[in-house]
Every structure is written in C-alpha cells, then in structure tokens.
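Observations on the three-dimensional arrangement
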Amino acid sequence: MDWSERDKRVLWHPFTQAAEWTAGTPLVIERGEGNYLIDTEGRRYFDGVSSLWVTTHGHGVVAEAIAAQARLLDHSTMLGLTHPRGIELAERLVAIAPPGLTRVFYSDSGSSAVEIALKQAFQYCAQTGQPQRRRFIHLAESYHGDTLGAVGVGGMSLFHRIFGPLIVAGIPVPTPALHPETALRDLDQTLRDHGHEVAAMVIEPLIQGAAGMLVHPRGYLKAAADLCRLHGVLLIVDEVATGFGRTGTMFASEQEGIQPDFMCLAKGLTAGALPLAATLSTERIFQAFVAPRAEQQTFFHGHTFTGNPIACAAALANLDLMAQPGFFEKVNAAAATMAEHLARLRALPVVHHVRQVGMMAGIELRDIEGTPLPADQFFGSLVCERARAHGVILRPLGDVIVWMPPLTSTVDDLALLAHATRAAIEETLP
Ligand SMILES: Cc1ncc(COP(=O)(O)O)c(C=O)c1O
C-alpha cells in the first residue's frame, strides 16, 4: 500500500474535510531542500506558502544547530530548571523586540502564545486592583489561533461559529482594512463605552493574515496603541505571522514605533524547523506576579515542552542568519520583486485585488464583474491544486490566493511562483 492510502486509513488532517481528502490523491512530501519541497515521486515544488508561513531561510538550513543541540541536551524542563539555550534566546529576543518588552515566556504554538498573553493580561489586572478588567477587544475579522481563549478573540465565523457556546466572547471592533474611514472612531467609541472593563486589546499589526491578507491603513496601529494607553487597556500584538522579517522588518510593530505590553511570537521563530512560541511582556506586567509564594500570584501555566532546548537552538541559528549584513535589504528586494509580479497579475480579469506587506501577499479572485465567486465552488482551492502541476505549493484563504514564500526566495523562485499562479488561475477561471 502506498503512503497516501496508508495516510487515509489512520490520519485526521487539520482544517480538512475528510470526505474530500479520502476521495483525492494526497501529495506526500518526503524531503525539503532550500526553498523547495520534494514528493515521494521525486517531483520538486517551490514552497509558496513557506509550509504554513514558517520557513524563513529555506528547509534544512538550521539542521546542524538542531543536531548539535540534540546531542548535547534534547530536553529539560523549564519548570524548576533552566538551560543555556533558553536563556540565550530570551536575551536575544529582548534585545530585538520593541523597547520595554523585557520578559520571555515560552510555549509551543502561536495559539498558546496568544492564550498566555490573554491569561497574563487578565491576571495582571486582577492582581493590580482592576478585577473589573476581564474582557478583550479584538478586530472583527481577526484570527489568533484555535485554542478556546484565542477563539474568543477570533472573528472568522467559518472556523469559530460552532464553538460559540464554549468561549468567552471578546468585544469586536471594525477591521480597519474594511472600514478605513471609521475604524479608529469606532475603536475610540468602544473604548469609551467598555474601556473600564477591558484588560487588553489584541491585534495583528499592519496586516491580518488568515482573514485574507487584509492590510491596515498606515497609522492605524499607532493610533490604536495610543487609544489603548489612554484608556488603561493593555496592548497585545500578535506577531505570530508577521514576526521575523515577514513584513520587511524584524517585527511589524517596529514600523509604527509602538511599545506593546505583550508580543506573541511563533511560526518563523525557529526558521520554521520546530514548534516554539514566546510571549514577551514588560517588566511592569512581570513584577505584578512577583510576590511571596503563599500569596498565590504565580502564573500557573506551562507546557511540558516549554522552551525545548533543541527548538531554542534552531531559533538562535535563525536569528544568527537574520543578523548577517544585508539580510533585510535582500528581503525587501524580494518583496519588491513580488510587488512587480503582483501588479502584472492584477491585470487578469478575475483578479479583483492584490494586497501585500513585505513578503506576505494575497490575490483576491472574483468573477469578471467583480462579484465574489460562489463560495460552494472553492475556486481558491482549485487554483492552488492546479499550481502543483506547475511546480508550486500554494494554500488559499477562501478565494484569496496566498503568497508567503521563504524570505530567501530568489528572483527565479518568484518568477516560478508568479508563472504557476497565473497559469493556475487562467486554467481554473478561463
Ligand atoms: C496571527 C496568528 N496568530 C496565531 C496563529 C496560531 O498559530 P498556531 O497555528 O501556531 O497555533 C496564527 C496561525 O496562522 C496566526 O496567523
């Protein structure tokens, strides 16, 4: 029996309708080589979505650091013990993070990083005489992960509706990309109405990835941060997708000079090689948890593999590569090449809109009249499936084709990405 038949017998895939999966022919990826994935038949594909937005320097690039650390110390708990790689990485993250973020709490997924920020913000308020601050503001179309706390501050009804009865719902405010004229005014009003009962606002800075690559008007982030400060509401920036060079700077928050109270990191942290996440917070937050043990102000949260040393070693190797002279210049040159390709794709009659920040982009498909495509036809998925025949792996968000190539994509890689996307769109929506 081949791999795909064996898969269908035992696996349950995330965000995947099993009826379709079992009817199809799953692609079985066996190897990664630089910016390419290679299947069991030896076919090569450019990794157009960085293996779900994680690969920063290509596949296999931090393998040596991982192997060396695995031989030295594979795992040791952060509960009651510590280790050099975890300490070094925390020092490095604090050094590159926006000013004021001085403390690092490790976990192992973006959802957990957000969950931890929410819990820390809530407990901070409870322990600083503000027990009424127990709600969270989020952007209406936001996505912050799949654990229940993160779903509570999410707004993607397709993913989240079913779990409504299980969650503590946040307070949604209009998404600035969709309501550029009024979003700030509405946030201001929400803060006036509810600010006193809100612990924190959580936001993806500059661009909302899973919502369909929705780009905020410049200035929204800074203005939102100022409004939160005015109302004593903490600010959590979710840089799970935007962090580590994706938007052309190390973190998106830098581009508007904000000083958040929390920053959530995952995905690209380990160059995309291993699961590791971090929730950074300020000294003011941290100190509110420092007290005699009997007072029970401890943050009672932690995961078995919190701060795994091999993952920390991969992250350190990732940061070493990003610290090389000219790294961000190359990322921005690649982003400019992407922009040229996107502008040409925009000329296709079914391309309604292209959106981009750095090396994150979305190509929104509609019919030639500009009407959204019928949702039950899954054209976005069909386009991505076709792209495989042209040597590129893509994954859509509805009818938005996502481009999230590795930061090290070459001119040739990006030409292939653009060619495959165009061909797949033309074949699917002639
Ligand atoms: C902005 C953002 N936050 C959180 C998450 C959840 O991360 P994870 O899938 O690692 O739990 C994602 C995942 O796509 C994300 O894009």
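Read on for an overview of the structure. Fair warning: this is a prediction, and the values are worked out from it, not measured in the lab.

**Section: the nonpolar core**
Of all hydrophobic cores here, the largest spans 90 residues; its most connected members are M201, L365 and W403. With 7 residues, the single largest contributor to this core is helix α13 (residues 327–345). Taken domain by domain, this core gets at least three of its residues from each of domain 1 (3–60 + 326–428) and domain 2 (63–322). With residues near it in sequence (within four places) discarded, L365 still touches V350, V351, L373, V383, D399, I401, I425 and L429. Ranked by size, the runner-up nonpolar core spans 25 residues in total, among them A200, L234, A288 and F299.

**Here's the deal with helix α12 (residues 309–322)**
An α-helical turn contains 3.6 residues, so any two residues separated by three or four positions project in the same direction. Here α12 spans 20 Å end to end across 14 residues, near enough to the 20 Å set by a 1.5 Å rise per residue. Burial within α12 is extensive, with 12 of its 14 residues counted as buried. When we look at burial in α12, the residues that qualify are P309, I310, A311, C312, A313, A314, A315, L316, A317, N318, L319 and M322. Packed against the buried residues of α12 are α4 (63–72), α5 (84–96), β4 (101–107) and α13.

**Quick look at the pairing of strand β17 (residues 400–403)**
Side chains V400 and V402 project from β17 onto one buried face, and the interleaved I401 and W403 project onto a second face that is buried too. One ladder, built from 4 bridges, connects strand β14 (residues 360–365) with β17; its direction is antiparallel. The residue of β17 that forms the bridge with G362 is V402. Direction of pairing for strand β16 (residues 396–397) relative to β17: antiparallel, over a ladder of 2 bridges. Bridging across to β17, L397 finds its partner in V400.

**Notes on the side chain of Q69**
Following the sequence through the fold, Q69 ends up in helix α4. The residues contacting Q69, other than those within four sequence positions of it, are D74, R85, P309, I310 and A313.

**A few points about the sheet that holds strand β2 (residues 36–39)**
Spatially, β1-β2-β3-β15 is the arrangement adopted by the 4 strands of the open sheet, whose pairing is mixed. Since the sheet does not close on itself, it has two edges, and those belong to β1 (29–33) and β15 (392–393), each with one partner. Pairing of β2 with strand β3 (residues 44–47) involves 3 bridges; the strand directions are antiparallel. Bridging across to β3, Y36 finds its partner in F46.

**As for the pattern of salt bridges**
This model, assessed by the stated rule, comprises 16 salt bridges. The partner of E364 in a salt bridge is R355, and the shortest N-O contact between them spans 2.8 Å. The shortest N-O distance in the salt bridge between E427 and R386 comes to 3.7 Å. Note that E427 is positioned in helix α15 (residues 411–428) and R386 in helix α14 (residues 379–389), a separation of 41 residues in sequence. What emerges from the salt-bridge pattern is a single network uniting R31, E33 and R44.

**Some details on a nonpolar patch on the surface**
A cluster of nonpolar residues, L148, I162, F163 and L166, forms a patch on the protein surface that exposes about 410 Å² of accessible area. Secondary-structure assignment places L166 in the loop between α8 (157–160) and β6 (171–173).

**A short note on the sheet that holds β17**
Here 4 strands make up an open sheet; going across it, the order is β13-β14-β17-β16 and the pairing antiparallel. Edge positions in the sheet fall to β13 (351–357) and β16, since each has one partner strand and no second. Where β13 meets β14, 6 bridges bridge the pair, whose relative direction is antiparallel. Bridging from a neighbouring strand, H353 pairs with E364 of β14. Packing against the sheet, α15 makes contact with β13, β14 and β17, and its axis sits at approximately 165° to β17.

**Considerations on the packing of aromatic side chains**
Under the counting rule described, the total for this entry stands at 5 aromatic pairs. Ring plane angle 75° and centroid distance 5.3 Å describe the contact between F244 and F251, whose orientation is recorded as edge-to-face. Across the pair, exposure class does not vary: F244 and F251 are buried alike. Feature note: the residues F105, F289 and F299 constitute an aromatic cluster, connected by ring pairs. Across from the ring centre of Y36, 4.8 Å away, lies the NZ or CZ of R44, which sits over that ring.

Reading guide: rules and limits
- Residues numbered from 1 in each chain as written.
- Predicted model: local features only at pLDDT ≥ 70, side-chain atom pairs only at ≥ 80, totals over all residues.
- Heavy atoms only, no water.
- Core = buried A, V, L, I, M, F, W, Y, C linked by side-chain atoms within 4.5 Å.
- Buried < 20%, exposed > 50% of the residue type's maximum accessible area, 1.4 Å probe, protein only.
- Helix = DSSP H or I, 4+ residues; strand = E, 2+ residues; numbered from the N terminus.
- Domains from an automatic or database assignment.
- Contact = heavy atoms within 4.5 Å.
- Expected span 1.5 Å × (residues − 1).
- Pairing = 2+ DSSP bridges.
- Salt bridge = Lys/Arg side-chain N within 4 Å of Asp/Glu carboxyl O.
- Patch = residues over 30% accessible without salt bridge, like charges linked within 9 Å, V, L, I, M, F, W, Y side chains within 5 Å.
- Areas by Shrake-Rupley, 256 points an atom, 1.4 Å probe, with all protein chains shown as cover.
- Axes fitted to C-alpha atoms, helices over the stretch in contact; angles between N-to-C directions.
- Phe/Tyr/Trp six-rings, centres within 6.5 Å; stacked < 30°, edge-to-face > 60°.
- Lys NZ or Arg CZ within 6 Å of the ring centre and 35° of its normal.

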